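Here are the chains, one letter per residue:
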Amino acid sequence: MARRPLPRILSNGSAQLARSRELARTAADSATDVLHPLITITRGLRRLASAGRRRWAGTPKDKRGALLFLVASVVLVVALAPYGPLLAVITLMAAAAWQGRDRAPSAPGGPDAPQAQRLKSLYEALVPYFSAAEDPEPLYAHGGDWTGTFSEYEFDGTGRITHLVIRYPAYFTDGEPASRARIEHLLSAKSGRGREYHFVWDEEGNRLTVRVLAPLPTDIAAQPFVTAPGETVLGFTDPTGVQRTLPLTHGTHGEEQRDVPPVVWRTGVRSTEPHLLAVGQPGSGTSTLLRSIALQALHHGDVVIVDGGGTGEYACLTGRDGVLAVECGLTGALALLEWVAQETERRLIAANRAHRAGEPTPEDTRRPLWLLLDRPSAFARPAAADDRKDPRSLLQVPLRHGRPANVTVVVADQLDSLDALGEPVRQHTRARVVLGPATAGQVEAVLGAPPHTTPLDQVPPGRGYARLGSGPVHRLQVPATPDPYDDATSDADRQAVLDLLPPRTTPADEEPERLEPGHVVPVNRPVFVSLDKLTTEKSLDKVPTEQAAAVAVTAGAEAPAEQGTPDGATEEAASKEPVPAEAAVAESSS
Ligand SMILES: Nc1ncnc2c1ncn2[C@@H]1O[C@H](COP(=O)(O)OP(=O)(O)OP(=O)(O)O)[C@@H](O)[C@H]1O
């Protein structure tokens, strides 16, 4: 079949088309130039009109009459004044021209000389890490051009870098933690120490984003947090890390309101991280975290406290409604841990019976029970010296079976005692917190993942990192919840904690001395124990008689852990092995 020739316009029309397009573009450009003032004034008039509409809509209905009257009076005065209308039109056009001007921000200029010098020296410092002898076109070379490697940069008022995006060669081993750590250390040192840097490695795009983080607020005091039952606020973090915020008051007198992103830990039967471990250097704030957790737990549950430090830091909780016991002696601690193990089993058995009978879970197994242990490792040596039961072995049952029984265990200890805590604690505490100064390696050893920020040399108390299960690592600041009986506590903080304490329910002769201004609570004071509550109110029918005796004996003043008070009755109870939960449940079902 013969081919028909293409129409002329399609065969040689492309050059003509391009010419016509060029002509049209030039005409449009010229027209835009000529009409530019008109376009500006029209845009300004539109903006003025919409501002007027907004103003009218924003005026309350009862004031609209007065506004209308004012506008009408102005129009009348202008109309009657000599040259008034002319002047009014000129003024309106001038206002419209001003309003309609192009407000696009001018393109940012490059860095000034000191900033450029900073970027240059940073580039030079990176050369040994981001270059290779075999690279024919190195991105980084001594005396090279830094503009191709730093695609974004920002500086603060003092000229220090606050944000930087760095390109690096694809052969850099960015998947290796050691290689990353070297670069992160270098960048934080060269960009200014004393600040926290957040690093995001884009392995696909070979880009590293560095951002300086604002310090977390340290002025948030203990206060009622707006949370659901089963939720505990561990502290506060960066807005980028969590979606949710909590309305909080802060400032010296709680005069300011602010929404702050919290780190919320969920406990209870559906929790995937039913128990928590908090560690830190001495004085880093782990006891404060435990106090904060206790105050929140008391809203919906009962609390028992074992204080291995024996410094009376929980005396303010003694005898309060819901606080079943505060123990700092070895004997009492053993009896208490044994009771918690028994109570866990009792709850499991009761729940199991109810399930088999097709009944709802009994009420007395649903109320959350919290076991808070501060420095349990301190009991290990005196227990071994006295040939007593190891308190750590008693934690196995509540840690393993606590979740379905609504029993939550929180352990706080020092960083160097991590190994001494025992396998059950390490295995079952999936919520983790590290407070105080710690190296990246120590943080990783506790949390199971490295922090994405550079650890600081100087950290305020209560500052650290938290990780819930296999989630991300969050920066954390624990709310200030000091011991109200400590002389060093400020009046505002003391009052904040006292306001959150439930009322006392122990008899007056068992009450710890009330706080008086200037009163000092002696260190190692005996801690008052309300274990009688356990014997009377809390299901003691399930606790063996020997243990009930032990509990009753320990319901008085107690010597600190290190001293220990051997006692026939308590020793007998303490050495009594709790029935394993599986066996108990199996027995109940037979
Ligand atoms: N989140 C916080 N906000 C403000 N101050 C805090 C915070 N946490 C702790 N502190 C203060 O730091 C000091 C030490 O706190 P805390 O006793 O809780 O530490 P610790 O880790 O338990 O130390 P130790 O084991 O030596 O008792 C206290 O004076 C306390 O008030």
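Residues numbered from 1 in each chain as written. Predicted model: local features only at pLDDT ≥ 70, side-chain atom pairs only at ≥ 80, totals over all residues.

In the annotation of an unreviewed UniProt entry, the entry for the protein reads FtsK domain-containing protein, and the organism field reads Streptomyces capillispiralis.

This brings us to the overall build of the protein. Across its full length, the protein carries 17 helices and 16 strands. The burial tally for the protein puts 36% of its 590 residues in the buried class. Relative to all contacts within the protein whose residues are 6 or more apart in sequence, the contacts with residues 24 or more apart total 70%. (Helix = DSSP H or I, 4+ residues; strand = E, 2+ residues; numbered from the N terminus. Buried ≥ 20, exposed ≤ 12 C-beta atoms within 10 Å, placed from the backbone. Contact = placed C-beta atoms within 7 Å.)

Time to look at the sheet that holds strand β3 (residues 196-202). In space, the four strands of this open sheet follow the order β1-β2-β4-β3, with antiparallel pairing throughout. Bordering the open sheet on either side are β1 (150-155) and β3, each of which pairs with just one other strand. Direction aside, the axes of adjacent strands within the sheet are offset by 10 degrees on average. Sheet topology places β1 next to strand β2 (residues 161-167); five bridges connect them, and they run antiparallel. Note on β2: the bridge partner recorded for E152 is V165. Packed onto the sheet, helix α6 (residues 177-190) meets β3 and β4 (207-213) and runs at close to 140 degrees relative to β3. (Pairing = 2+ DSSP bridges. Axes fitted to C-alpha atoms, helices over the stretch in contact; angles between N-to-C directions.)

Moving on, we come to the nonpolar core. Within the largest apolar cluster, 84 residues are counted, with the highest numbers of intra-cluster contacts made by L372 and V410. It is helix α8 (residues 330-356) that provides the largest number of residues to this core, a total of twelve residues. (Core = buried A, V, L, I, M, F, W, Y, C linked by C-beta atoms within 7 Å.)

With that settled, consider the packing of helix α3 (residues 64-80) against helix α4 (residues 84-99). Two numbers describe how α3 lies on α4: the axes approach to 6 Å, and their chain directions differ by 120 degrees. With respect to their mutual orientation, α3 and α4 come out oblique. Residues V78, A79 and L80 of α3 lie in contact with α4, whose contacting residues are G84, P85 and A88. (Parallel < 35°, antiparallel > 145°, perpendicular 65-115°, else oblique.)

Next up on the list: the environment of L295. One can find L295 in helix α7 (residues 286-297). Judged by local crowding, L295 falls into the buried class, with 25 C-beta atoms found within 10 Å. As a C-alpha pair, L295 and V323 span 28 residues in sequence and 9.9 Å in three-dimensional space. Look past the residues within four positions of L295 in its chain and what remains in contact with it is A222, T481 and L500.

Our focus in this paragraph is the pairing of strand β5 (residues 231-236). For a regular strand, side chains alternate in direction, first toward one face of the sheet and then toward the other. The buried fraction of β5 is high, at five of six residues. When β5 meets strand β8 (residues 262-266), the two strands line up antiparallel, connected through five bridges. Within β8, the position partnered with V233 by the bridge is V264.

Now for α7. Taking 1.5 Å as the rise per residue, α7 with twelve residues should run 16 Å; its terminal C-alpha atoms sit 16 Å apart, in good agreement. The buried fraction of α7 is high, at twelve of twelve residues. Along α7, the positions that sit buried rather than exposed are T286, S287, T288, L289, L290, R291, S292, I293, A294, L295, Q296 and A297. (Expected span 1.5 Å × (residues − 1).)

The next subject is unusual backbone geometry. Within the chain, Y83 stands out as a residue other than glycine whose phi angle is a positive 55 degrees. Along the chain, the position of Y83 falls in the loop between α3 and α4. A positive phi angle, near 55 degrees, is found at N206, a position not held by glycine. Inspection of the secondary structure puts N206 in the loop between β3 and β4.

With that settled, the discussion passes to α8. Along its 27 residues, α8 runs 39 Å from first to last C-alpha, staying within 8% of the 39 Å computed at 1.5 Å per residue. Positive backbone phi, at 70 degrees, marks G358, one or two positions downstream of α8.

Attention now moves to the confidence of the model for the protein. In the predicted model, the protein carries a mean pLDDT of 81, and 79% of its residues have values of at least 70. Every residue in residues 511-590 is under pLDDT 50, and counting partners more than four places away or in other chains gives 161 contacts. (pLDDT = per-residue confidence, 0-100.)

What follows is about the environment of V200. Residue position: V200 is located in strand β3. V200 gets classed as exposed once you count the C-beta atoms within 10 Å, which come to 11. Considering only alpha carbons, one finds V200 and T453, 253 residues apart in sequence, at a separation of 9.5 Å.

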